[in-house]
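# Analysis of the macromolecular model
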Amino acid sequence: MVILPILLFFGSIWNSFSLQTLYSEARQVRTLQGHEKALPLYQEILAQNPNDVTAATRIAVDLQNAERHNVIGRGGNRFQRLRFIQLLESFGWNCTTIADLVFSSNGNEIQANRAKSSSSPLFLQPLRAGTQPPSPPTCSLSACIQLLLLAVCIPKTICVKLLGNEFVELLEVLGIAFVSDNDENLLVPYVHVFPITVANTIIYVATDLHPNVLSLTTVGNDGAVMYIGPDSVALIDHWSSLGALDIGASDSIIDIGTGSGVQALSLIARSSGKTNVKCVDINKRALRITRLNFDWNNFDEPTLLLGNINQPFGTIFECDNDDDPKPWKELFGNSVTYIISNPPFLPVPINDPTISSRYGWFSSGGLTGEEFLESLVRLASNVLDRTNPSATLAVVSEFMNPHGDFDLHLSSWWSGGGGPAEALLLTNEQAISATTYAQRRADSAEETIEWEKHLKQMSINHISPGLLFLKRKREDATTLVAKENTREDNMLVDVKHRLVPKSSEGSIWTPTNQFARNFTRSSIVEFSRR
Ligand SMILES: C[S@@+](CC[C@H](N)C(=O)[O-])C[C@H]1O[C@@H](n2cnc3c(N)ncnc32)[C@H](O)[C@@H]1O
Ligand SMILES: *[C@@H]1O[C@H](CO)[C@@H](O)[C@H](O)[C@H]1NC(C)=O
Ligand SMILES: *[C@@H]1O[C@H](CO)[C@@H](O)[C@H](O)[C@H]1NC(C)=O
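The structure reproduced in this document is the subject of the present report. As the structure is a computational prediction, the values presented were derived from the model and not from experiment.

Estimated volume of the second largest pocket: approximately 280 Å³. Every residue lining the second largest pocket is counted, 14 residues in all, and those nearest its centre are Trp239, Tyr338, Ser390, Thr392 and Ser528. Within the residue set of the lining of the second largest pocket, elements represented by two or more residues are strand 17 (462–472) and helix 22 (514–529). With three residues, the single largest contributor to the lining of the second largest pocket is helix 22.

This part covers the site of ligand 2. Near ligand 2 you find Gly92, Asn94, Thr96, Thr97 and Ile202, and these make up its full shell. Contact distances for ligand 2 include 2.4 Å between an oxygen atom and a side-chain N or O atom of Asn94. Residue composition of the shell around ligand 2, grouped by class: one nonpolar, four polar and no charged.

Once that is clear, we can look at the site of ligand 1. Residues in close proximity to ligand 1 total 20 residues, the closest being Ser232, Asp281, Asn308, Ile309 and Asn342. Separating a nitrogen atom of ligand 1 from a backbone N or O atom of Gly257 is a distance of 2.9 Å. Taken together, the residues that form the shell around ligand 1 break down as nine nonpolar, 10 polar and one charged.

Strand pairing in a sheet relies on backbone hydrogen bonds, with the paired strands running either antiparallel or parallel. Pairing is antiparallel in the open sheet, where three strands are placed in the order 1-3-2. Where the open sheet ends on each side, the last strands, each with one partner, are strand 1 (154–155) and strand 2 (177–179). Relative to strand 3 (residues 186–189), strand 2 runs antiparallel, the two being bridged by three bridges. The residue bridging Phe178 from the neighbouring strand is Val188, located in strand 3.

Take the pattern of salt bridges next. Under the counting rule described, the total for this entry stands at 20 salt bridges. Salt-bridge contacts for Asp295 lead to Arg81; the nearest nitrogen and oxygen are separated by 3.0 Å. Taken together, the residues Asp295 in helix 14 (residues 284–296) and Arg81 in helix 5 (residues 78–90) connect sequence positions 214 residues apart. Neither Asp295 nor Arg81 differs from the other in exposure class; each is buried. The closest approach of N and O atoms between Arg288 and Asp222, which form a salt bridge, is 2.7 Å.

Each value, and the rule that gives it
Residues numbered from 1 in each chain as written. Chains lettered and ligands numbered in written order. Predicted model: local features only at pLDDT ≥ 70, side-chain atom pairs only at ≥ 80, totals over all residues. Heavy atoms only, no water. 1 Å grid on protein atoms, 1.4 Å probe; cavity = no way out; pocket = protein on both sides within 12 Å on 5 of 7 lines; lining within 4 Å. Points joined across faces, edges and corners; volume = space filled by probe spheres on them. Helix = DSSP H or I, 4+ residues; strand = E, 2+ residues; numbered from the N terminus. Near = heavy atom within 4 Å. Polar contact = N/O pair within 3.5 Å; in protein donor to acceptor, adjacent residues only side chain to side chain. Nonpolar A, V, L, I, M, F, W, Y, C, P; charged D, E, K, R; others polar. Pairing = 2+ DSSP bridges. Salt bridge = Lys/Arg side-chain N within 4 Å of Asp/Glu carboxyl O. Buried < 20%, exposed > 50% of the residue type's maximum accessible area, 1.4 Å probe, protein only.

Everything listed here is a matter of geometry and, on its own, says nothing about what the molecule does.
Listed below in structure tokens is the structure:
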């Protein structure tokens, strides 16, 4: 008599436990073996949990998802693109309104103020597959937050009511959200759309969903485009804490590894005049999304360059003779004012197929993590304007062994074209040990061991996020002879390494860290005077 309820009790626990296992198995399969293999697992998940309205699950069961992923950056015309932004503006789509709705309404003023002073709404984590969604939106802003930031699907009827028919149609035309395959009354977001506060203006940036949501390094037929991470905004945010960067029409700016174009966009949003901007990426999807984002913000289309920066040649993207590769040096010219970059920087054990399949174009910096950085520095020594003493290579990256031989590496990469250089390296006061780093990067105990072994093999024993600024040494300052240290005598790059003190506001990249910005500012002022 009493056995039945006990069985039922156990039954229900087992049920949710097995569902949880299914979620993690499905995610694992999708990450490592791709969409097709994971499809039946997600179909089973949806059969067991039909209330799952996370975009992560709904995209994974969408049979047309490859075609849908391909619409972004291709769909619609310029008028429709601009109209979409007009409508977003009419909903008050900015960090202040979002912070007020998400935090102030819960009485969390501290977090609200932080968010308002941040460069990007990074504090909103998109929902993983199966996560309990928030309650249905009641205003246009909360609908946009759920769709465009949290990656939650919303009933189409609610969207039409809150956002209007025109907006809902544009979502599909531009490739931002689609009616679900399995439920014609559900809108599934396919990309993020961020409002980013830059100085006193707002820019709008679309990019692929966070890896939490996609759990794949490929989307459709392309590589996934980088989400907006703290690194995506840290460089420009810190650098321009100096004030508006004085960028004019004759300046030439190159963003290498442009991804969504977020760095180039934030830089020119702060500059006054029109500029000559070139955006480089190995991923065609990134260049298409960059073009859309420039359009959205009503900036002139940048020159889009396609290719592998570690190879000698690139091409002009989608031009008539784009099968005609040219040397990067020729594509860039030799009077570049600023090169900005957020390279893929993870030192990935790429020989382990399970680990390497988790890392795509936007994250893997090759075995050493420094492959891309090396190419950047080599190129900079050839193309940075020799007549302009402020021509700078500015990089946001994790740096390997910043307290060790990083300066030696830098000197060996700088080819010396046009004489020696000087660099300012800013990293956290406390670097991360290789052991801790391995634990953070790995997905399991076995992988941690692999990571540790790999870092050791690469002689990487500590790592720190940071910023690097590099420029040619002024002629009158090339008095290398006076150095006491013989090692420094032969250094082509004179590196000034400054440690950003740990503060309650966080570390160097923390988006709201006013302390770190101030520290960067004073370091740069000192650096520019040298
Ligand atoms: C860390 S992401 C940065 C994206 C964007 N700039 C940002 O800050 O969010 C690095 C970018 O470099 C591109 N990339 C990776 N390897 C490359 C290579 N060998 N040549 C050119 N671009 C590459 C990736 O596709 C990706 O868009
Ligand atoms: C954000 O939008 C609100 C509502 O449209 C507007 O009042 C406010 O000025 C905007 N804030 C910024 C920083 O543009
Ligand atoms: C940063 O600098 C500004 C302007 O100089 C100052 O008002 C502010 O108190 C500083 N903040 C921190 C945390 O150091």
